[in-house]
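# Remarks on the overall topology
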Amino acid sequence: MSKKNTQKETVAIPAKVYNFCSKKKLILGVVIAVVLVFICGAIIRGIHLAIEFKGGTLITYSYQGDINSNDVASTVKDVVGSSVTVRTGESLDSGGKQLTISFTSDQGLTADRQTELTSALRDKFADNALEIYDSNDVSPSSGREFLLKCLIAVLFAAFIVIIYIAIRFKNIGGWSAGVCSIFALCLDLLVAFTATVVCGFNIDSNIVAVFLTILGYSINNTIVIYDRIRENRKLMPKASLNELINASCTQSLTRSVRTSITTIGTMLIVTIVVIVTGYDSLLSFSVPLMMGLISGTFSSLFVAPVTWSWWKNKSAAKAKSSK
């Protein structure tokens, strides 16, 4: 009579398991540091809303030769009577030089005022062959509506993420895992927003694209960690929650770091190319995104799982004491 040998399926805990759950003070310190940097940046540098959010006028001129943007700003300010932002660059279509002028305006730019402004610039910079390329007005109400829609889009995406995680990881406390992932995501978004403020970038549609990109990247990393915890719970049923988190984060560490190096390195290259070629407007996308991706790597390994561990342990202790 033959005997069948059965072997219980086990998973090998990594030879060296890092104690991620002991880093609560580190996480708290990082959160406090980011908040303080944001507050200091907002006080010192200010928060500058772009035209599409606060309303105003955006005019683009093509020109030749060299031109002093400060002199252009001074000339435009004398005509429109408000603060002016001037940027120079090159057209992606023709490769010609372009001058972009933006300023706040409650009443918009009428045809007469535009003619007056163009005439003043041509008189001042007669050697630069200024020609109007594009002109747009954004009303303050439209700007506020656009900002509101952007905020709703981000909040709706976060809500969907909570529901998704709650359903997918219901066996390991889905709702709490989802809320903790959103807390980690808020840190990533705050880091990106802080980078925008500290660098003095305008808050424009680029920051919305950055937020949505970080949301997808950070949540994907966090879901990978949660998936590992769920699998390890089946394979290591006697392990405590902290042991599961430490083992799962250690197993995912190499993968997370390699992925982050690839994505962050790509954005670093983009930033360098933008600086070299002079397309400064793209810096308000690449720099905050790069900082947000760095934060996303940290939060997916530390903030989300460790905060979730703290929540679950607190709930368990409270339930035990109430008996």
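Here, the structure is the one placed above.
Residues numbered from 1 in each chain as written. Predicted model: local features only at pLDDT ≥ 70, side-chain atom pairs only at ≥ 80, totals over all residues. Heavy atoms only, no water.

### Topic: the packing of aromatic side chains
- As enumerated under the stated definition, the model contains six aromatic pairs in all.
- Taking 6.4 Å as the distance between ring centres and 85° as the angle between the ring planes, the aromatic pair formed by Tyr 18 and Phe 20 counts as edge-to-face.
- The class of Tyr 18 is partly exposed, set by a relative accessible area of 39%.
- Between the aromatic rings of Phe 193 and Phe 211, the centroid separation amounts to 6.4 Å while the plane-to-plane angle is 50°, which identifies the pairing as tilted. (Phe/Tyr/Trp six-rings, centres within 6.5 Å; stacked < 30°, edge-to-face > 60°. Buried < 20%, exposed > 50% of the residue type's maximum accessible area, 1.4 Å probe, protein only.)

### Some points on the sheet that holds strand S4 (residues 97-103)
- With antiparallel pairing, the four strands of this open sheet are ordered in space as S3-S4-S2-S5. Since the sheet does not close on itself, it has two edges, and those belong to strand S3 (84-90) and strand S5 (131-138), each with one partner. Neighbouring strand axes in the sheet, compared pairwise and without regard to direction, differ in orientation by 15° on average.
- As defined by bridge partners, S3 adjoins S4 across seven bridges and the pair is classed as antiparallel. Bridge pairing in S4 links Gly 89 to Gln 98.
- The sheet strands contacting helix H3 (residues 69-80) are S3 and S4, and the helix crosses S3 at an angle near 135°.
- Along the sheet, helix H4 (residues 111-124) makes contact with strand S2 (56-63), S4 and S5, crossing S2 at roughly 40°. (Pairing = 2+ DSSP bridges. Helix = DSSP H or I, 4+ residues; strand = E, 2+ residues; numbered from the N terminus. Axes fitted to C-alpha atoms, helices over the stretch in contact; angles between N-to-C directions. Contact = heavy atoms within 4.5 Å.)

### A few points about a nonpolar patch on the surface
- On the surface, Leu 28, Ile 32, Val 35, Leu 36, Ile 39, Ile 43 and Ile 44 cluster together into a nonpolar patch covering about 690 Å² of accessible area.
- Structurally, Ile 43 is set in helix H1 (residues 24-44).
- On the basis of relative accessibility, which here comes to 68%, the residue Ile 43 falls in the exposed class. (Patch = residues over 30% accessible without salt bridge, like charges linked within 9 Å, V, L, I, M, F, W, Y side chains within 5 Å. Areas by Shrake-Rupley, 256 points an atom, 1.4 Å probe, with all protein chains shown as cover. Salt bridge = Lys/Arg side-chain N within 4 Å of Asp/Glu carboxyl O.)

### Notes on the pattern of salt bridges
- This model, assessed by the stated rule, comprises three salt bridges.
- Across the pair Lys 97 and Asp 66 runs a salt bridge whose closest N-O atoms are separated by 3.6 Å. Separated by 31 residues along the polypeptide, Lys 97 in strand S4 and Asp 66 in the loop between S2 and H3 bring together distant segments of the chain.
- Between Arg 230 and Asp 227 there is a salt bridge, with the nearest N and O atoms lying 2.6 Å from each other. Here Arg 230 pairs with Asp 227, and both are found in helix H7 (residues 205-235), just three residues apart, close to one helical turn.
- We classify Asp 227 as buried; its relative accessible area is 15%.

### Describing the nonpolar core
- Of all hydrophobic cores here, the largest spans 53 residues; its most connected members are Tyr 226 and Trp 308.
- Looking at this core, the elements that each hand over two or more residues are H1, helix H5 (140-168), helix H6 (174-198), H7, helix H8 (241-277) and helix H9 (283-322).
- Among the elements that line this core, the one with the most residues is H7, at twelve residues.
- Counting residues in each nonpolar core, the second largest holds 17 residues, with Val 76, Val 86, Ile 101 and Leu 130 among its members. (Core = buried A, V, L, I, M, F, W, Y, C linked by side-chain atoms within 4.5 Å.)

### Observations concerning the environment of Val 198
- Assignment of secondary structure puts Val 198 in helix H6.
- With 152 residues separating them in the primary sequence, Val 198 and Gly 46 have C-alpha atoms 8.4 Å apart.
- Setting aside its immediate chain neighbours within four residues, Val 198 contacts Val 37, Gly 41 and Arg 45.

### Concerning H3
- Between its terminal C-alpha atoms H3 stretches 16 Å, which fits the 16 Å expected from twelve residues at 1.5 Å a residue.
- The set of residues buried in H3 consists of Val 72, Ala 73, Thr 75, Val 76 and Val 80. End-on, the buried residues of H3 take up no more than an arc of 165°, which puts them together on one face. Counted as exposed and oriented over 90 degrees from the buried face of H3: Asn 70 and Asp 78.
- Elements that come into contact with the buried residues of H3 comprise S3, S4 and H4.
- Structurally, the start of H3 carries an N-cap: the backbone nitrogen of Asn 70 is 2.9 Å from a side-chain oxygen of Asn 68.
- Remark: Gly 81 follows H3 within two positions and exhibits a positive phi of approximately 75°. (Expected span 1.5 Å × (residues − 1). Arc of directions from axis to C-beta. Polar contact = N/O pair within 3.5 Å; in protein donor to acceptor, adjacent residues only side chain to side chain.)

Everything listed here is a matter of coordinates, which is why it stays silent on function.
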